[in-house]
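Spelled out, the chains give:
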Amino acid sequence: MGSQETPSTRAKTPGTWNLESTDSSSPDSLGHLEEQWANSSPDLKDEHSKDMEPEDSKELISSASPPSGREIIRYEISVNQRNIEDVCLCCGSLQVYKQHPLFEGGICAPCKDKFLETFFLYDEDGHQSYCSICCSGGTLFICESPDCTRCYCFECVDILVGPGTSERINAMPCWVCFLCLPFTRSGLLRRRRKWRHQLKAFFDEGGASPLEMYKTVSAWKRKPVRVLSLFRNIDKELKSLGFLESGSDSEEERLKYLEDVTNVVRRDVEKWGPFDLVYGSTRPRGSSCDHCPAWYMFQFHRILQYARPPSGSEQPFFWVFVDHLLMTEDDQVTADRFLQMKAVTLQDVRGRVLQNAVRVWSNIPGVKSKHVALTEKEEQSLEAQAGTRTKLAAQKVDPLVKNCLLPLREYFKFFSQNSLPLDK
């Protein structure tokens with residue numbers, strides 16, 4: 001079945017097709033994929049031959065008054081013959097601000113902001129938290145292509161593909177999404193050509209971050225990530241997410257861990273690299289350290305300059321610096337200036353109890369904060385828990401750090417047999 005009730009319970013079904021997310025710009029032949037999909041999905045194949053929109057539904061729309069809600073999308077296109085680019089795919093508004101980056105159609109200003117905020121947010125199951133079309137949450141279908149993380153809401157597939165589509169998808173043992181299917185159109189839903197380029201341009205133009213976003217990478221072009229980890233070894237995080245293959249001979253080649261960088265120079269980093277991800281952090285609260293918290297940031301920034309790819313390179317390159325709430329306000333201002341962005345605060349709240357919180361600077365898309373300032377009482381509570389958390393640090397992986405790294409699945413190869421579920 002392709003859907004689950006809540007994001008927290010979604011899980012990929014093992015043994016799905018060896019089907020990769022296709023880009024219409026790809027030179028690879030899609031004939032064998034189309035044949036494979038047709039054999040596995042005969043019901044939807046029949047619908048596709050009719051553009052996924054039954055004739056009786058068109059008559060029903062034309063004979064009725066304009067519907068409410070998102071049904072207005074099909075009404076405007078089928079009855080009023082309006083161009084789909086002039087209708088917001090997310091809500092049906094005619095006040096289109098720009099074009100939807102993934103599918104032909106418009107998007108209004110409020111929905112654009114929502115798309116920018118939520119598209120790269122992932123749940124702990126490794127899939128996106130919101131619908132890839134309208135960015136709504138709730139009950140979602142997940143794509144079961146092994147290399148895809150997309151999800152779609154029931155309302156989108158029924159309105160944009162055709163009435164009853166959600167029921168047919170729900171009955172299928174294996175379903176792949178509209179960005180993975182070998183053909184570009186399903187009902188009113190038509191995948192954009194070179195949608196990865198469109199997605200990058202969409203974020204470059206509308207994103208609040210001064211840092212340019214990298215174009216996502218097609219599944220067959222993704223390579224294993226090479227990581228430089230400073231002050232803390234994140235091998236457990238990388239293995240739990242599937243970015244490092246446990247027991248592989250190449251494991252040491254893919255991860256370079258440095259506890260002390262005092263004597264490291266540019267020549268050393270260039271010899272060990274190139275790297276795709278540079279990670280650094282202050283010490284966890286309650287642990288002993290030989291340096292003040294700001295020292296870790298300054299050293300991270302220095303090593304980061306050595307590891308960056310040449311100017312103008314389109315190679316995806318990411319970095320993360322994590323502060324365990326140790327840096328002073330002056331230190332934070334300095335870090336904002338050096339790292340060219342403001343920190344975000346990520347909180348781990350279970351029930352009504354704050355378990356952990358960190359400040360993060362990163363260029364990974366989707367790393368964002370609820371911007372809820374910690375009260376003095378919460379600060380004291382975290383300080384009291386610091387000793388216990390330090391003892392458990394060697395046994396458990398910090399979920400806040402893992403959540404920061406999840407969007408990298410759009411750029412680098414991951415080994416799905418190791419990646420899910422994530423250990424708490």
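Residues numbered from 1 in each chain as written. Predicted model: local features only at pLDDT ≥ 70, side-chain atom pairs only at ≥ 80, totals over all residues. Heavy atoms only, no water.

**A look at the overall build of the protein**
The helix and strand tally for the protein stands at 16 helices and 13 strands. A burial count over the protein gives 52% of its 424 residues as buried. Counting contacts in the protein only where the partners sit at least 6 residues apart, residues at least 24 apart contribute 67% of the total. With an accessible surface of roughly 19900 Å², the protein has 48% of that area assigned to carbon and sulfur atoms. (Helix = DSSP H or I, 4+ residues; strand = E, 2+ residues; numbered from the N terminus. Buried < 20%, exposed > 50% of the residue type's maximum accessible area, 1.4 Å probe, protein only. Contact = heavy atoms within 4.5 Å. Areas by Shrake-Rupley, 256 points an atom, 1.4 Å probe, with all protein chains shown as cover.)

**Focus: the packing of helix H5 (residues 109–118) against helix H8 (residues 195–206)**
Where H5 meets H8, the axes come as close as 11 Å, and the angle between the chain directions of the two elements is 105 degrees. The pairing of H5 with H8 is recorded here as roughly perpendicular in orientation. Contact residues: Lys-112, Phe-115 and Leu-116 in H5; Leu-199, Phe-202, Phe-203 and Gly-206 in H8. A class-by-class count of the residues in the contact of H5 with H8 yields five nonpolar, one polar and one charged. (Axes fitted to C-alpha atoms, helices over the stretch in contact; angles between N-to-C directions. Parallel < 35°, antiparallel > 145°, perpendicular 65-115°, else oblique. Nonpolar A, V, L, I, M, F, W, Y, C, P; charged D, E, K, R; others polar.)

**Observations concerning the packing of aromatic side chains**
Scanning the entire structure with this criterion turns up 22 aromatic pairs. Judged by centre distance (5.3 Å) and plane angle (85 degrees), the rings of Phe-298 and Phe-338 are edge-to-face. One end of the pair, Phe-298, is in helix H12 (residues 293–307); the other, Phe-338, is in helix H13 (residues 329–339), with 40 residues separating them in the sequence. The exposure class assigned to Phe-338 is partly exposed, which follows from its relative accessible area of 28%. Considering the side-chain rings of Phe-300 and Trp-319, the 6.3 Å spacing of their centres and the 55 degrees angle between planes classify their relative orientation as tilted. You can see Phe-300 sitting in helix H12 and its partner Trp-319 sitting in strand E11 (residues 318–323), a full 19 residues away along the chain. Note on accessibility: Phe-300 and Trp-319 belong to one class, buried. (Phe/Tyr/Trp six-rings, centres within 6.5 Å; stacked < 30°, edge-to-face > 60°.)

**Focus: the confidence of the model for the protein**
Considering every residue of the protein, the mean pLDDT works out to 78; 73% of them sit at 70 or more. Contacts from residues 391–397, a stretch scored under 50 in pLDDT, to residues over four places away or in other chains number six contacts. (pLDDT = per-residue confidence, 0-100.)

**Observations regarding the packing of H12 against H13**
The N-to-C vectors of H12 and H13 enclose an angle of 5 degrees; their axes lie 10 Å apart at closest approach. As the angle between them shows, H12 and H13 are arranged roughly parallel. Residue-level contacts link Ala-294, Met-297, Phe-298, Phe-300 and His-301 of H12 to Asp-331, Thr-334, Ala-335, Phe-338 and Leu-339 of H13. Looking at side-chain class alone, the contact of H12 with H13 contains seven nonpolar, two polar and one charged residues.

**Some points on the pairing of strand E2 (residues 96–99)**
Taken together, the three bridges between E2 and strand E3 (residues 106–108) define a ladder with antiparallel strand orientation. Bridging from a neighbouring strand, Lys-98 pairs with Ile-107 of E3. Counted between consecutive antiparallel strands, the loop separating E2 from E3 contains six residues, among which Gly-105 sits at a positive phi close to 145 degrees. (Pairing = 2+ DSSP bridges.)

**So, the side chain of Arg-222**
With respect to the secondary-structure elements, Arg-222 resides in the loop between H8 and strand E8 (227–230). No salt bridge is formed by the buried Arg-222; the nearest opposite charge belongs to Glu-410, separated by 4.1 Å. At a separation of 3.1 Å, a polar atom in the side chain of Arg-222 contacts the main-chain carbonyl oxygen of Asp-147. The residues contacting Arg-222, other than those within four sequence positions of it, are Asp-147, Arg-196, Val-217, Arg-409, Glu-410, Tyr-411, Phe-412, Lys-413 and Phe-414. (Lys, Arg positive; Asp, Glu negative; His and termini not counted. Salt bridge = Lys/Arg side-chain N within 4 Å of Asp/Glu carboxyl O. Polar contact = N/O pair within 3.5 Å; in protein donor to acceptor, adjacent residues only side chain to side chain.)

**Some remarks on unusual backbone geometry**
Residues Gly-273 and Pro-274 are joined by a peptide bond in cis, for which omega reads 5 degrees. Even without glycine at this site, Phe-231 takes up a positive phi of about 75 degrees. Judged by its relative accessible area of 2%, Phe-231 falls in the buried class. Positive phi, close to 60 degrees, is recorded for Gln-340, a residue that is not glycine. Position of Gln-340 among the secondary structure elements: in the loop between H13 and strand E12 (344–350). Since its relative accessible area comes to 56%, Gln-340 is described here as exposed.

**Focus on H12**
The end-to-end C-alpha distance of H12 is 22 Å, a good match for the 21 Å that 15 residues give at a rise of 1.5 Å each. Counting buried positions along H12 yields eleven of 15 residues, so the element is predominantly enclosed. Next to the buried residues of H12 lie E8, helix H11 (266–272), strand E10 (277–281), E11 and H13. (Expected span 1.5 Å × (residues − 1).)

**Details of the environment of Arg-150**
With respect to the helices and strands, Arg-150 occurs in the loop between strand E4 (140–142) and strand E5 (151–153). The class for Arg-150 is buried, based on a relative accessible area of 3%. Taking the C-alpha atoms as reference, Arg-150 lies 9.6 Å from Ile-133; in sequence the two are 17 residues apart. Arg-150 has contacts with Phe-119, Gln-128, Ser-132, Phe-141, Ile-142, Cys-143, Cys-177, Leu-179, Trp-195 and Glu-410, leaving out every residue within four places of it along the chain.

**Concerning the pattern of salt bridges**
Applying the stated criterion to the full structure yields twelve salt bridges. With a shortest N-O distance of 3.5 Å, Arg-74 and Glu-71 are connected by a salt bridge. Note on Arg-74: relative accessible area 4%, which makes it buried. Residue classification places Glu-71 among the partly exposed positions, given a relative accessible area of 34%.

**Looking at helix H6 (residues 154–161)**
Among all positions in H6, only Cys-156, Val-157, Ile-159, Leu-160 and Val-161 are buried. Tucked inside the fold, the buried residues of H6 contact helix H4 (72–78), E4, E5, helix H7 (165–171), strand E6 (185–186) and strand E7 (189–190). Backbone geometry just downstream of H6 places Gly-162 in the positive-phi region, at approximately 160 degrees.

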